[in-house]
Amino acid sequence: MDYSNLNDIIKSSKNILIVSHVNPDGDTLGSMCGIYSAILDNFKKRSDMLVVSKVPAVYEFIPFIDNVKTLDDIDKSREYDLVINVDVAAIDRICDGKILFDKAKSTVNIDHHKTNIAYADLNYIDPNASSTGEVLFGCFENMDWEISLDTAICLYTAILTDTGSFKFDNTRPGTFECVAKLVEIGVQPSDIYRKVYESDSKTLVMFQAHCVSKAKFLDDEKIAYTLVYRKDMEKFSAGDDCMEGLTEKLRAIVTTKVAFVAKEMKSGYTKVSMRSKSADVADICGVFGGGGHRLAAGCTIKAPVEEAAKKVLAEIRKREI
Ligand SMILES: [Mn+2]
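We now turn to the structure provided with this report. Counting of residues starts from 1 at the beginning of each chain's written sequence and follows it residue by residue. Given that this is a predicted model, residues contribute local features only at a pLDDT of at least 70 and side-chain atom pairs are listed and counted only at 80 or more, while totals for whole chains, interfaces and linings are drawn from all residues.

**Some details on helix α6 (residues 173–185)**
So, point 1. Helix and strand labels come from DSSP, where a helix needs a run of H or I of at least four residues and a strand needs a run of E of at least two; each type is numbered from the N terminus. Expected helix span is computed as 1.5 Å times (number of residues minus one). Here α6 is 13 residues long and its end C-alpha atoms lie 19 Å apart, about the 18 Å a rise of 1.5 Å per residue gives.
So, point 2. Those residues of α6 lying buried are Thr 175, Cys 178, Val 179 and Leu 182. The arc that holds the buried residues of α6, viewed along the axis, is 90°, so those residues lie on one side. Turned more than 90 degrees off the buried face of α6, the exposed positions are Pro 173, Glu 177, Ala 180 and Glu 184.
So, point 3. Tucked into the core, α6 has its buried residues touching α4 (132–142) and α5 (149–162).
So, point 4. Once α6 ends, the next one or two residues include Gly 186, with phi positive near 135°. Exposure classification rests on a simple neighbour count of other C-beta atoms within 10 Å of a residue's own: a residue reaching 20 or more is buried, one at 12 or fewer is exposed, and one in between is partly exposed. C-beta atoms are placed from the backbone. Note: the arc covers the axis-to-C-beta directions of the helix. We call two residues in contact when the distance between their C-beta atoms, placed using the backbone, is within 7 Å.

In C-alpha coordinates:
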(Lines give C-alpha, C1' and ligand atoms only; values in the text may rest on other atoms or scores of the structure.)
Protein backbone atom coordinates (compact mmCIF):
# COMPACT_ATOMS: atom_id res chain seq x y z
CA MET A 1 0.00 0.00 0.00
CA ASP A 2 1.17 3.53 -0.75
CA TYR A 3 1.07 5.69 2.35
CA SER A 4 2.68 8.85 0.92
CA ASN A 5 -0.66 10.71 0.84
CA LEU A 6 -1.23 9.85 4.49
CA ASN A 7 2.18 11.18 5.45
CA ASP A 8 1.53 14.43 3.52
CA ILE A 9 -1.92 15.01 4.94
CA ILE A 10 -0.76 14.46 8.53
CA LYS A 11 2.17 16.80 7.90
CA SER A 12 -0.04 19.58 6.55
CA SER A 13 -2.90 19.26 9.09
CA LYS A 14 -2.80 21.60 12.08
CA ASN A 15 -5.50 19.95 14.12
CA ILE A 16 -6.15 16.23 14.01
CA LEU A 17 -8.82 14.08 15.67
CA ILE A 18 -8.36 10.31 16.03
CA VAL A 19 -11.54 8.29 16.63
CA SER A 20 -12.11 4.77 18.02
CA HIS A 21 -15.28 2.67 17.71
CA VAL A 22 -18.15 2.32 20.21
CA ASN A 23 -17.70 -0.33 22.96
CA PRO A 24 -13.95 -0.04 22.43
CA ASP A 25 -11.69 -3.08 22.41
CA GLY A 26 -7.92 -3.37 22.69
CA ASP A 27 -7.40 -3.00 18.93
CA THR A 28 -9.27 0.27 18.46
CA LEU A 29 -7.80 1.80 21.67
CA GLY A 30 -4.25 0.55 21.08
CA SER A 31 -4.41 1.76 17.46
CA MET A 32 -5.78 5.17 18.45
CA CYS A 33 -3.12 5.76 21.11
CA GLY A 34 -0.47 4.23 18.82
CA ILE A 35 -1.05 6.68 15.98
CA TYR A 36 -1.41 9.53 18.51
CA SER A 37 2.00 8.62 19.94
CA ALA A 38 3.60 8.25 16.49
CA ILE A 39 2.27 11.63 15.28
CA LEU A 40 3.56 13.22 18.49
CA ASP A 41 7.04 11.70 18.05
CA ASN A 42 7.37 12.29 14.32
CA PHE A 43 5.66 15.67 13.88
CA LYS A 44 5.64 17.10 17.44
CA LYS A 45 1.87 17.47 17.12
CA ARG A 46 -0.70 16.68 19.79
CA SER A 47 -3.89 15.24 18.27
CA ASP A 48 -7.24 14.91 19.99
CA MET A 49 -8.52 11.41 20.69
CA LEU A 50 -12.24 10.59 20.90
CA VAL A 51 -14.01 7.67 22.56
CA VAL A 52 -17.78 7.45 22.15
CA SER A 53 -18.33 5.03 25.04
CA LYS A 54 -16.58 3.97 28.24
CA VAL A 55 -12.97 2.72 28.14
CA PRO A 56 -12.87 -0.68 29.95
CA ALA A 57 -10.69 -0.49 33.09
CA VAL A 58 -8.40 -3.24 31.75
CA TYR A 59 -7.06 -0.85 29.07
CA GLU A 60 -6.13 1.97 31.44
CA PHE A 61 -2.45 0.98 31.16
CA ILE A 62 -2.23 1.88 27.44
CA PRO A 63 0.15 4.85 26.98
CA PHE A 64 -1.67 8.20 26.44
CA ILE A 65 -5.10 6.70 27.21
CA ASP A 66 -5.58 9.42 29.88
CA ASN A 67 -5.68 11.98 27.07
CA VAL A 68 -8.85 10.60 25.47
CA LYS A 69 -11.87 12.85 25.26
CA THR A 70 -15.57 12.08 25.18
CA LEU A 71 -18.14 13.85 22.99
CA ASP A 72 -18.97 16.06 25.99
CA ASP A 73 -15.37 17.36 26.09
CA ILE A 74 -15.25 18.34 22.41
CA ASP A 75 -16.94 21.32 20.77
CA LYS A 76 -19.16 19.57 18.20
CA SER A 77 -19.13 22.59 15.89
CA ARG A 78 -15.36 22.31 15.50
CA GLU A 79 -13.95 21.71 12.04
CA TYR A 80 -10.86 19.52 12.25
CA ASP A 81 -8.33 19.60 9.42
CA LEU A 82 -8.16 15.83 9.63
CA VAL A 83 -10.21 13.07 11.27
CA ILE A 84 -8.65 9.59 11.38
CA ASN A 85 -10.87 6.59 12.20
CA VAL A 86 -9.08 3.47 13.43
CA ASP A 87 -10.67 -0.02 13.44
CA VAL A 88 -14.03 1.56 12.55
CA ALA A 89 -15.64 -0.95 10.16
CA ALA A 90 -18.68 1.24 9.43
CA ILE A 91 -19.29 4.92 10.05
CA ASP A 92 -22.23 4.31 12.44
CA ARG A 93 -19.69 2.67 14.81
CA ILE A 94 -18.54 6.15 15.88
CA CYS A 95 -22.10 7.25 16.82
CA ASP A 96 -22.28 11.06 17.14
CA GLY A 97 -18.56 11.27 16.35
CA LYS A 98 -19.91 11.31 12.78
CA ILE A 99 -20.80 15.00 13.28
CA LEU A 100 -17.07 15.80 13.58
CA PHE A 101 -16.13 13.34 10.83
CA ASP A 102 -18.57 14.95 8.36
CA LYS A 103 -17.27 18.48 9.12
CA ALA A 104 -13.58 17.61 8.74
CA LYS A 105 -11.59 18.99 5.80
CA SER A 106 -10.09 15.53 5.19
CA THR A 107 -10.88 12.06 6.51
CA VAL A 108 -8.83 8.87 6.83
CA ASN A 109 -10.04 5.31 7.52
CA ILE A 110 -7.49 2.73 8.73
CA ASP A 111 -8.93 -0.75 9.27
CA HIS A 112 -8.77 -4.51 8.70
CA HIS A 113 -12.48 -5.45 8.50
CA LYS A 114 -13.52 -7.09 5.20
CA THR A 115 -16.87 -5.33 5.36
CA ASN A 116 -15.35 -1.81 5.43
CA ILE A 117 -16.71 0.07 2.39
CA ALA A 118 -13.91 2.67 2.24
CA TYR A 119 -16.10 5.55 3.41
CA ALA A 120 -13.35 8.18 3.93
CA ASP A 121 -11.26 10.39 1.60
CA LEU A 122 -8.22 8.16 2.15
CA ASN A 123 -8.73 4.50 2.99
CA TYR A 124 -6.13 2.02 4.18
CA ILE A 125 -7.90 -1.31 4.64
CA ASP A 126 -6.03 -4.61 4.74
CA PRO A 127 -8.51 -7.46 5.30
CA ASN A 128 -5.62 -9.92 5.59
CA ALA A 129 -4.10 -8.15 8.59
CA SER A 130 -4.90 -9.57 12.02
CA SER A 131 -5.76 -6.19 13.45
CA THR A 132 -5.69 -2.46 12.82
CA GLY A 133 -2.58 -2.43 15.03
CA GLU A 134 -0.84 -4.63 12.45
CA VAL A 135 -2.00 -2.37 9.57
CA LEU A 136 -0.61 0.66 11.44
CA PHE A 137 2.75 -0.97 12.06
CA GLY A 138 3.18 -1.60 8.32
CA CYS A 139 2.05 1.94 7.66
CA PHE A 140 4.58 3.52 10.08
CA GLU A 141 7.42 1.37 8.70
CA ASN A 142 6.47 2.25 5.13
CA MET A 143 6.52 5.98 5.94
CA ASP A 144 9.86 5.60 7.75
CA TRP A 145 8.42 6.94 10.97
CA GLU A 146 10.27 6.47 14.23
CA ILE A 147 8.47 3.92 16.45
CA SER A 148 9.03 4.66 20.14
CA LEU A 149 8.52 2.18 22.99
CA ASP A 150 5.19 3.87 23.86
CA THR A 151 3.98 3.47 20.27
CA ALA A 152 5.17 -0.14 20.25
CA ILE A 153 3.27 -0.94 23.48
CA CYS A 154 0.07 0.51 21.98
CA LEU A 155 0.38 -1.51 18.77
CA TYR A 156 1.38 -4.72 20.57
CA THR A 157 -1.73 -4.44 22.80
CA ALA A 158 -3.90 -3.94 19.69
CA ILE A 159 -2.47 -7.04 17.99
CA LEU A 160 -2.42 -9.20 21.13
CA THR A 161 -6.10 -8.58 21.93
CA ASP A 162 -7.47 -8.90 18.37
CA THR A 163 -5.70 -12.25 17.89
CA GLY A 164 -6.76 -13.53 21.34
CA SER A 165 -3.06 -13.88 22.24
CA PHE A 166 -2.11 -15.16 18.77
CA LYS A 167 -4.60 -18.04 18.83
CA PHE A 168 -7.41 -16.91 16.47
CA ASP A 169 -7.15 -17.86 12.81
CA ASN A 170 -6.40 -14.24 11.78
CA THR A 171 -2.88 -14.85 13.16
CA ARG A 172 -0.54 -15.07 10.14
CA PRO A 173 3.24 -15.08 9.55
CA GLY A 174 3.17 -11.29 9.07
CA THR A 175 1.63 -10.91 12.53
CA PHE A 176 4.67 -12.56 14.13
CA GLU A 177 7.09 -10.57 11.95
CA CYS A 178 5.40 -7.43 13.18
CA VAL A 179 5.37 -8.34 16.89
CA ALA A 180 8.98 -9.56 16.64
CA LYS A 181 9.95 -6.00 15.72
CA LEU A 182 7.81 -4.54 18.50
CA VAL A 183 9.53 -6.81 21.03
CA GLU A 184 12.91 -5.72 19.61
CA ILE A 185 11.88 -2.12 20.33
CA GLY A 186 11.41 -3.14 23.96
CA VAL A 187 7.86 -4.42 24.48
CA GLN A 188 7.76 -7.06 27.23
CA PRO A 189 5.17 -9.70 26.21
CA SER A 190 4.81 -11.08 29.75
CA ASP A 191 4.15 -7.61 31.14
CA ILE A 192 1.41 -6.79 28.60
CA TYR A 193 -0.10 -10.27 28.96
CA ARG A 194 -0.41 -9.81 32.73
CA LYS A 195 -2.00 -6.39 32.35
CA VAL A 196 -4.56 -7.60 29.80
CA TYR A 197 -5.38 -11.13 30.96
CA GLU A 198 -4.44 -11.31 34.62
CA SER A 199 -6.23 -8.30 36.01
CA ASP A 200 -9.64 -9.82 36.83
CA SER A 201 -11.32 -8.56 39.98
CA LYS A 202 -11.71 -10.96 42.90
CA THR A 203 -15.49 -10.46 42.55
CA LEU A 204 -15.42 -11.74 38.95
CA VAL A 205 -13.35 -14.82 39.82
CA MET A 206 -15.44 -15.77 42.87
CA PHE A 207 -18.73 -15.14 41.05
CA GLN A 208 -17.69 -17.18 38.00
CA ALA A 209 -16.44 -20.02 40.23
CA HIS A 210 -19.93 -20.08 41.76
CA CYS A 211 -21.60 -20.15 38.31
CA VAL A 212 -19.26 -22.88 37.05
CA SER A 213 -19.84 -24.99 40.18
CA LYS A 214 -23.60 -25.00 39.42
CA ALA A 215 -23.14 -25.96 35.76
CA LYS A 216 -25.10 -28.86 34.26
CA PHE A 217 -23.71 -31.30 31.70
CA LEU A 218 -26.03 -33.15 29.31
CA ASP A 219 -25.86 -35.61 26.39
CA ASP A 220 -22.51 -37.25 27.24
CA GLU A 221 -21.40 -33.86 28.56
CA LYS A 222 -21.49 -32.42 25.03
CA ILE A 223 -23.77 -29.62 26.26
CA ALA A 224 -22.65 -27.53 29.24
CA TYR A 225 -24.74 -24.72 30.69
CA THR A 226 -25.35 -22.69 33.78
CA LEU A 227 -28.20 -20.47 34.97
CA VAL A 228 -27.43 -17.08 36.48
CA TYR A 229 -30.02 -15.46 38.75
CA ARG A 230 -30.20 -11.82 39.78
CA LYS A 231 -30.04 -12.83 43.44
CA ASP A 232 -26.66 -14.54 42.79
CA MET A 233 -25.31 -11.39 41.20
CA GLU A 234 -26.56 -9.32 44.13
CA LYS A 235 -25.03 -11.74 46.65
CA PHE A 236 -21.61 -11.35 44.99
CA SER A 237 -22.13 -7.64 44.11
CA ALA A 238 -21.32 -8.74 40.56
CA GLY A 239 -21.99 -6.38 37.66
CA ASP A 240 -22.48 -7.30 34.00
CA ASP A 241 -18.70 -7.07 33.50
CA CYS A 242 -18.45 -10.19 35.71
CA MET A 243 -20.13 -12.24 32.94
CA GLU A 244 -17.13 -11.65 30.63
CA GLY A 245 -15.55 -14.99 29.64
CA LEU A 246 -17.94 -17.18 31.67
CA THR A 247 -19.37 -19.10 28.70
CA GLU A 248 -15.83 -19.68 27.35
CA LYS A 249 -14.93 -21.39 30.67
CA LEU A 250 -17.63 -24.00 30.02
CA ARG A 251 -16.60 -24.39 26.37
CA ALA A 252 -12.97 -24.95 27.44
CA ILE A 253 -13.93 -28.31 29.01
CA VAL A 254 -12.67 -31.10 26.73
CA THR A 255 -16.06 -32.84 26.33
CA THR A 256 -18.05 -29.66 25.64
CA LYS A 257 -19.33 -29.09 22.09
CA VAL A 258 -21.84 -26.34 22.89
CA ALA A 259 -21.92 -24.19 26.03
CA PHE A 260 -24.38 -21.55 27.10
CA VAL A 261 -25.15 -19.24 29.99
CA ALA A 262 -28.74 -18.14 30.62
CA LYS A 263 -28.93 -14.98 32.71
CA GLU A 264 -32.04 -13.63 34.40
CA MET A 265 -32.87 -10.06 33.41
CA LYS A 266 -35.48 -7.58 34.62
CA SER A 267 -39.13 -8.00 33.60
CA GLY A 268 -39.13 -11.69 32.74
CA TYR A 269 -36.47 -11.77 30.03
CA THR A 270 -33.45 -14.10 29.83
CA LYS A 271 -30.19 -13.26 28.10
CA VAL A 272 -28.43 -16.24 26.53
CA SER A 273 -24.74 -16.29 25.60
CA MET A 274 -23.69 -19.33 23.55
CA ARG A 275 -20.33 -20.72 22.42
CA SER A 276 -19.34 -23.81 20.44
CA LYS A 277 -16.26 -25.59 19.16
CA SER A 278 -17.69 -26.12 15.64
CA ALA A 279 -21.53 -26.05 15.58
CA ASP A 280 -23.14 -22.90 14.19
CA VAL A 281 -24.55 -21.22 17.32
CA ALA A 282 -25.45 -18.04 15.41
CA ASP A 283 -28.04 -20.22 13.65
CA ILE A 284 -29.40 -21.53 16.98
CA CYS A 285 -29.58 -18.01 18.47
CA GLY A 286 -31.17 -16.80 15.24
CA VAL A 287 -34.23 -18.95 16.02
CA PHE A 288 -34.80 -16.65 19.00
CA GLY A 289 -34.13 -13.43 17.12
CA GLY A 290 -30.47 -13.19 18.11
CA GLY A 291 -27.27 -13.76 16.19
CA GLY A 292 -23.52 -13.29 16.14
CA HIS A 293 -20.68 -15.41 14.82
CA ARG A 294 -20.57 -19.14 14.07
CA LEU A 295 -18.77 -20.04 17.32
CA ALA A 296 -20.00 -17.18 19.52
CA ALA A 297 -23.54 -15.83 19.52
CA GLY A 298 -26.33 -14.66 21.78
CA CYS A 299 -30.03 -13.92 22.06
CA THR A 300 -32.66 -12.58 24.44
CA ILE A 301 -35.73 -14.70 25.16
CA LYS A 302 -38.96 -13.49 26.75
CA ALA A 303 -39.28 -16.24 29.36
CA PRO A 304 -37.99 -16.99 32.87
CA VAL A 305 -34.50 -18.52 33.07
CA GLU A 306 -35.45 -22.24 33.41
CA GLU A 307 -38.01 -22.03 30.61
CA ALA A 308 -35.60 -20.15 28.32
CA ALA A 309 -32.89 -22.76 28.99
CA LYS A 310 -35.35 -25.55 28.07
CA LYS A 311 -36.18 -23.87 24.76
CA VAL A 312 -32.50 -23.38 23.96
CA LEU A 313 -31.69 -26.99 24.87
CA ALA A 314 -34.46 -28.28 22.59
CA GLU A 315 -33.08 -26.19 19.72
CA ILE A 316 -29.49 -27.45 20.29
CA ARG A 317 -30.71 -31.06 20.38
CA LYS A 318 -32.37 -30.69 16.96
CA ARG A 319 -28.88 -30.38 15.53
CA GLU A 320 -25.82 -32.54 14.98
CA ILE A 321 -23.23 -30.96 17.26
MN1 LIG B 1 -9.82 -4.90 15.10
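**As for the packing of α4 against α5**
So, point 1. Direction vectors running N to C along α4 and α5 enclose 140°, while the axes themselves pass 7 Å from each other. In this structure, α4 uses Thr 132, Gly 133, Glu 134, Leu 136 and Phe 137 to contact α5, whose residues at the interface are Leu 155, Ala 158, Ile 159 and Asp 162.
So, point 2. Basically, the charged four are Asp, Glu, Lys and Arg, the nonpolar ten are Ala, Val, Leu, Ile, Met, Phe, Trp, Tyr, Cys and Pro, and anything else, Gly included, counts as polar. Of the residues assigned to the contact of α4 with α5, the class counts are 5 nonpolar, 2 polar and 2 charged. Here, axes are lines fitted to C-alpha atoms. For helices the fit covers the stretch in contact, and angles between N-to-C directions go from 0 to 180 degrees.

**Let's talk about the sheet that holds strand β4 (residues 106–111)**
So, point 1. With parallel pairing, the 5 strands of this open sheet are ordered in space as β2-β1-β3-β4-β5. Each edge of the open sheet is held by one strand with a lone partner, namely β2 (48–50) and β5 (122–125). Sheet twist, expressed as the mean angle between neighbouring strand axes with direction ignored, is 15°.
So, point 2. Only strands that DSSP links by at least two bridges are regarded as paired with each other. Pairing of β4 with β5, which is carried by 4 bridges, proceeds in the parallel orientation. Opposite Asp 111, over in β5, you have Ile 125 as the bridge partner.
So, point 3. Here helix α1 (residues 4–12) sits on the sheet in contact with β1 (16–19), β3 (82–86), β4 and β5, set at roughly 130° to β5.
So, point 4. The strands touched by α4 within the sheet are β3, β4 and β5, with β4 carrying the most contacts at an inclination of about 115°.

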